Amino acid sequence: MATIKVKQIKSKIGYPVDQKRTLEAIGLRKIGQVVEKEDSPAIRGMIRKVHHLVTIVD
């Protein structure tokens, strides 16, 4: 299956707890950190929820 790389570009400070937990579920803990995940509808939904804090890396 295909993979997708996600990079955290903004701090989670000041955002709701559910968004902080979503970042942790994706595997992101620090600004600038990049994780590679399976490209699934569940991961896409998590990324959509915190789209203002992350970016997709090619």
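It should be noted that the structure appears before, not after, this text.
A short tour of the structure in this document, coming up. Predicted model only: the values in this text are computed from it and were never measured.

Taking every second residue as pointing to the same face, the buried face of strand β1 (residues 3-8) carries Ile4, Val6 and Gln8, while none of Thr3, Lys5 and Lys7 on the other face is buried. As paired elements, β1 and strand β2 (residues 34-38) share five bridges and run antiparallel to each other. Its bridge partner being in β2, isoleucine 4 is matched across the sheet by lysine 37. Relative to strand β3 (residues 54-57), β1 runs antiparallel, the two being bridged by four bridges. Across the sheet, the residue bridging to valine 6 is isoleucine 56, located in β3.

Looking now at the environment of lysine 10. Mapping lysine 10 onto the fold places it in the loop between β1 and α1 (17-26). Expressed as a C-alpha distance, the spacing of lysine 10 and isoleucine 31, which sit 21 residues apart in the sequence, is 6.1 Å. With residues up to four places along the chain from it excluded, the contact list for lysine 10 reads Tyr15, Ile31, His52 and Leu53. At 3.0 Å, the side chain of lysine 10 and the side chain of tyrosine 15 are in polar contact.

Rules and cut-offs
- Residues numbered from 1 in each chain as written.
- Predicted model: local features only at pLDDT ≥ 70, side-chain atom pairs only at ≥ 80, totals over all residues.
- Heavy atoms only, no water.
- Buried < 20%, exposed > 50% of the residue type's maximum accessible area, 1.4 Å probe, protein only.
- Helix = DSSP H or I, 4+ residues; strand = E, 2+ residues; numbered from the N terminus.
- Pairing = 2+ DSSP bridges.
- Contact = heavy atoms within 4.5 Å.
- Polar contact = N/O pair within 3.5 Å; in protein donor to acceptor, adjacent residues only side chain to side chain.

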